[in-house]
Amino acid sequence: GAVVSQHPSWVICKSGTSVKIECRSLDFQATTMFWYRQFPKQSLMLMATSNEGSKATYEQGVEKDKFLINHASLTLSTLTVTSAHPEDSSFYICSAPQLSGTSTDTQYFGPGTRLTVL
Amino acid sequence: ELKVEQNPLFLSMQEGKNYTIYCNYSTTSDRLYWYRQDPGKSLESLFVLLSNGAVKQEGRLMASLDTKARLSTLHITAAVHDLSATYFCAVDIFRNSGYALNFGKGTSLLVTP
């Protein structure tokens, strides 16, 4: 079946540095990918929609200048957390829908990236 | 604003017992998803319910969807320890050219001997 990968799986960084997280669809093309954030013991919250060939769209309350998204190709989206702070520590999960042209598009989730900012 | 509400949020149950997790959502949606999440892991897809009256079963789990009542249930039969995890329901939200998911808060299930 279709697979979505993320890299790195975990990262620890110092406050003020930037961290890049990659999301790849391994055997299908994804013109749209989604980024979610999950704080400990909480649910997944949609952060932004990554669009190949155009700007990302962000959910209300998500700072677009802090969370830079680049959909470089039909199989790769990157999320860069700029000037990270401890409150950005979270589990970041991407997803990519495999479009079937019907109502049964399948959503594939990546394995997640655990970010810890010291 | 689309809301997805699950209850209970925490559930401790003995092995062998049955229980139901409820998921209510606030707007019309033809699709309802159930996921399982183990600690430190990403999501595992359990069920995708595509229409009113849909019922799907896999092992000790059975999910159903009533789009008129905007309600889905996840029924656990004869629970075993391996079912201990957090269970999320989710509905579609349209974003640009695709559908993202709006998740409930999750139900943390602990199955005890």
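Predicted model only: the values in this text are computed from it and were never measured.

(A) Representation of the sheet that holds strand β7 (residues 61–66) of chain B in the model. Residue and element names in this part refer to chain B. Here we have five strands laid out as an open sheet, ordered β1-β3-β8-β7-β6, and antiparallel in their pairing. Each edge of the open sheet carries a strand with a single partner, namely β1 (4–7) and β6 (55–58). Between one strand axis and the next, the sheet turns through 15° on average, direction left out of account.

(B) Quick peek at the nonpolar core. Grouped together as the largest cluster of nonpolar side chains are 41 residues, with contacts concentrated most on Y36 and F109 of chain A together with L32, W34 and F103 of chain B. In terms of residue count, the dominant contributor to this core is strand β9 (residues 85–95) of chain B (seven residues). Grouped together as the second largest cluster of nonpolar side chains are 24 residues, C13, V62, L79 and C94 of chain A included.

(C) Structural context of the pairing of strand β3 (residues 19–25) of chain B. Residue and element names in this part refer to chain B. Where β1 lies against β3, four bridges are found, and the strand directions are antiparallel. Across the sheet, E5 pairs through a bridge with N24, a residue of β3. Alignment of β3 against strand β8 (residues 71–76), held across six bridges, turns out to be antiparallel. Pairing of Y19 across the sheet is with I76, part of β8.

(D) A look at the packing of aromatic side chains. Taken as a whole and judged by the stated rule, the model has 10 aromatic pairs over all chains. Taking 6.0 Å as the distance between ring centres and 50° as the angle between the ring planes, the aromatic pair formed by Y35 of chain B and F103 of chain B counts as tilted. Residue Y35 of chain B is located in strand β4 (residues 32–37), and its partner F103 of chain B is located in strand β10 (residues 98–103); the two are separated by 68 residues in the primary sequence. Taken as a pair, Y35 of chain B and F103 of chain B share a single burial class, namely buried. Site record: aromatic cluster; members linked through ring pairs are Y36 and F109 of chain A together with Y33, Y35, F88 and F103 of chain B.

(E) Expanded view of the side chain of K66 of chain A. Residues and elements named next belong to chain A. Counting through the fold element by element, K66 comes out in the loop between β6 (57–58) and β7 (67–73). Assessed through its relative accessible area of 11%, K66 is described here as buried. Of the polar contacts made by the side chain of K66, one reaches the backbone oxygen of S83; its length is 2.9 Å.

The rules we used
- Residues take numbers from 1 onward in each chain, read along the sequence in its written order.
- Chain letters and ligand numbers both follow the written order, the letters beginning at A and the numbers at 1.
- Side-chain atom pairs in this predicted model are given and counted only at pLDDT of 80 or more, local residue features only at pLDDT of at least 70, and totals for whole chains, interfaces and linings cover all residues.
- Side-chain numbers come from the whole structure's heavy atoms, not from hydrogens or water.
- A pair of strands counts as paired when DSSP detects no fewer than two bridges linking them.
- Starting at the N terminus, helices and strands are each numbered in turn, a helix being any DSSP run of H or I of at least four residues and a strand any DSSP run of E of at least two.
- To get an axis, fit a line to the C-alpha atoms, keeping to the stretch in contact for a helix; angles then go from 0 to 180 degrees between the N-to-C directions.
- We call a set of buried Ala, Val, Leu, Ile, Met, Phe, Trp, Tyr and Cys residues a nonpolar core when their side-chain atoms join them within 4.5 Å.
- Exposure categories follow from relative accessible area, calculated using a 1.4 Å probe and restricted to protein chains: below 20% of the type maximum is buried, above 50% is exposed, and the middle band is partly exposed.
- Centres within 6.5 Å make a pair out of two Phe, Tyr or Trp rings, where for Trp the six-membered ring is used; the pair is then stacked when the planes are under 30 degrees apart, edge-to-face when over 60, and tilted otherwise.
- Any pair of N or O atoms that falls within 3.5 Å is considered a polar contact. Within protein, one atom must be able to donate a hydrogen and the other to accept it, and sequence-neighbouring residues count only if both atoms are side-chain atoms.

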